[in-house]
Amino acid sequence: MRTLIAGCGYVGSALAQELVLSGHTVWGLRRDPAGLPAGSRPLAADLTQAETLRSLPSDLDFVIYAASAGGRREENYRAAYVDGLRCLLTALAPQRSSIRRVLFTSSTSVYPQDDGSWIDEETPATPTHFTGALLRQAEDLLWDSGFSAVVLRLAGIYGPGRFRLIEQITKAEARCSEGPPRYSNRIHRDDCAGALHHLMQLPHPKPLYLGVDDAPVDICEVQRWIATQLGQPLPPTVSEEQAPPILRANKRCSNALLRKSGYSLRYPSYQDGYSAILDEWRRISPVPPL
Ligand SMILES: NC(=O)c1ccc[n+]([C@@H]2O[C@H](COP(=O)([O-])OP(=O)(O)OC[C@H]3O[C@@H](n4cnc5c(N)ncnc54)[C@H](OP(=O)(O)O)[C@@H]3O)[C@@H](O)[C@H]2O)c1
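Criteria and thresholds
- Residues numbered from 1 in each chain as written.
- Predicted model: local features only at pLDDT ≥ 70, side-chain atom pairs only at ≥ 80, totals over all residues.
- Heavy atoms only, no water.
- Near = heavy atom within 4 Å.
- Polar contact = N/O pair within 3.5 Å; in protein donor to acceptor, adjacent residues only side chain to side chain.
- Helix = DSSP H or I, 4+ residues; strand = E, 2+ residues; numbered from the N terminus.
- Disulfide = S-S within 2.5 Å.
- Buried < 20%, exposed > 50% of the residue type's maximum accessible area, 1.4 Å probe, protein only.
- Axes fitted to C-alpha atoms, helices over the stretch in contact; angles between N-to-C directions.
- Parallel < 35°, antiparallel > 145°, perpendicular 65-115°, else oblique.
- Left-handed = near helix turned anticlockwise from the far one by under 90°.
- Contact = heavy atoms within 4.5 Å.
- Nonpolar A, V, L, I, M, F, W, Y, C, P; charged D, E, K, R; others polar.
- Salt bridge = Lys/Arg side-chain N within 4 Å of Asp/Glu carboxyl O.
- Phe/Tyr/Trp six-rings, centres within 6.5 Å; stacked < 30°, edge-to-face > 60°.
- Right-handed = clockwise from strand over helix to strand, strands pointing away.
- Core = buried A, V, L, I, M, F, W, Y, C linked by side-chain atoms within 4.5 Å.
- Pairing = 2+ DSSP bridges.

(A) View of the site of the ligand. Near the ligand, the surroundings consist of 24 residues, among which V11, R31, A67, S68 and Y81 are the closest. Here Y10 contributes a backbone N or O atom positioned 2.9 Å from an oxygen atom of the ligand. Considering each element in turn, the shell around the ligand owes the most residues, three residues, to strand β5 (residues 101–107).

This is how it looks when you write it as structure tokens:
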């Protein structure tokens, strides 16, 4: 199989590694392709610049679009998700009938719900912020492109080397909010790669899946669990008005469809995933228990 990963970063590289091991010829495309996994073929290109996409590999079987915005401004989102995807699909148009599938890594941020309700693929995604709106635009662009397309809406990605939550605890920057639970959703990097690989192999995939682990959970529970594992003080509780934005999101995303399609999560819960990451973090930055 010949596979192009466009935007081959954190998730793309994990997928590249997995696909190379299972015998794919993999091209990893990014602006700076230094350091891609062994066995993959680096492709230096800018997805928003059509002239850099003139020598894409021919006879591709699969294309995975996993570029990210790299900035919080609207133009960053438009470039990475809408302009980049449109440019790539245009460059791949001569291969439209032979490419088996194009997969796009979207985000559960397309769901603005913040009332703790359950979300699945049938829930209307009507984003109220430009971030989600531009992702929705990109999803429609792909679904309307004539390519066989699958969108995977990922929750917050965590995994090796991503220590943001752990560092918030150790720097005493984490806060819990008063009031009812604030449900958060996540997925381990290796399950992002695993789910994409699984969806590449399904004979008749649906157009849309949610990529989340088994357990939406109160973000404070995660913070308290990490603090306890590290022997750090529990995060202080603040009023709902003082709560930082991470505590305002509140929805429960279901992975029932992904599981029903046959995917088994490697890290079904945050405890499974963070145990390994905490070991890695302790090796790099040992913090003596207080
Ligand atoms: N992080 C999360 O929690 C989260 C949550 C939901 C969904 N997602 C989505 O999941 C996907 C994978 O995320 P990730 O964490 O793997 O992202 P990442 O590590 O930032 O990787 C994205 C890659 O895209 C490349 N890229 C960006 N703009 C490009 C352009 N114009 N031309 C070519 N390459 C470009 C970047 O490399 P260069 O800078 O070298 O070009 C980078 O390596 C993304 O689509 C992201 O939006 C992420």
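(B) The state of the cysteines, seen in detail. Tallied over the entire structure, the rule returns one disulfide. Across a sulfur-sulfur distance of 2.4 Å, C176 and C220 are joined as a disulfide pair. Of this pair, C176 sits in strand β9 (residues 176–177) while C220 is found in helix α6 (residues 219–230), placing the two residues 44 residues apart along the sequence. C220 shares its class with C176; the two are buried. Of all cysteine sulfurs, the one in C253 lies closest to C192, which takes part in no disulfide; the gap is 13 Å. Residue classification places C192 among the buried residues on the basis of a relative accessible area of 0%. Owing to a relative accessible area of 1%, C253 belongs among the buried residues under this scheme.

(C) Local environment of the packing of α6 against helix α8 (residues 270–284). It is at 11 Å that the axes of α6 and α8 come closest, and there the two elements cross at 40°. Here α6 lies oblique to α8, going by the angle between them. Handedness of the α6/α8 crossing: right-handed. Across from E221, V222, W225, I226, Q229 and L230 in α6, the residues of α8 making contact are Y270, Q271, Y274, S275, L278, W281 and R282. Partitioning the contact of α6 with α8 into residue classes produces eight nonpolar, three polar and two charged.

(D) Local environment of the pattern of salt bridges. Considering all chains together, one arrives at eleven salt bridges under this definition. We note a salt bridge from R100 to D61, for which the minimum N-O separation is 3.4 Å. Within this pair, whereas R100 is found in the loop between α2 (74–92) and β5, its partner D61 is found in the loop between β3 (41–44) and β4 (62–65), the two being separated by 39 residues in sequence. Take D61: its relative accessible area is 14%, and that puts it in the buried class. Between R259 and D214 there is a salt bridge, with its nearest N and O atoms 2.6 Å apart. Remark: D214 occurs in the loop between β12 (208–211) and β13 (217–218) and R259 occurs in helix α7 (residues 256–260); sequence separation between them is 45 residues. Residue class for D214 comes out partly exposed when judged on its relative accessible area of 35%.

(E) The packing of aromatic side chains, seen in detail. If you walk through the whole model with that rule in mind, you get six aromatic pairs. Between Y77 and F130, the aromatic rings sit 5.7 Å apart at their centres with planes inclined by 90°, giving edge-to-face as the arrangement. Residue Y77 is located in helix α2, and its partner F130 is located in helix α3 (residues 130–143); the two are separated by 53 residues in the primary sequence. Owing to a relative accessible area of 22%, F130 belongs among the partly exposed residues under this scheme.

(F) Here's a closer look at the pairing of β5. Most of β5 is tucked away: seven of the seven residues are buried. Burial of β5 is two-sided: the residues R101, L103, T105 and S107 facing one way and the residues V102, F104 and S106 facing the other way are all buried. Running through α2, the crossover from β4 to the neighbouring parallel element β5 is right-handed.

(G) Looking closely at the nonpolar core. Grouped together as the largest cluster of nonpolar side chains are 42 residues, with contacts concentrated most on L4, L88 and F104. Broken down by secondary-structure element, the contributors of at least two residues to this core are β1 (2–6), β2 (25–30), β4, α2, β5, α3, β7 (149–154) and β12. Element by element, the count of residues in this core is highest for α2, at nine residues. The contacts of L4, once residues within four sequence positions are left out, are W27, L29, L43, L56, L60, F62, V63, I64 and L88.

(H) Quick peek at the sheet that holds β2. Taken together, the seven strands give an open sheet; going across it, the order is β3-β2-β1-β4-β5-β7-β12, and neighbouring strands pair in parallel fashion. Of all the strands in the sheet, just β3 and β12 have a single pairing partner and so form its edges. Pairs of neighbouring strands in the sheet enclose a mean axial angle of 20°, with direction left out of account. Where β2 lies against β3, four bridges are found, and the strand directions are parallel. Within β3, the position partnered with L29 by the bridge is L43. With respect to the sheet, helix α1 (residues 10–21) is in contact with β1, β2 and β4, its orientation differing from that of β1 by roughly 170°.

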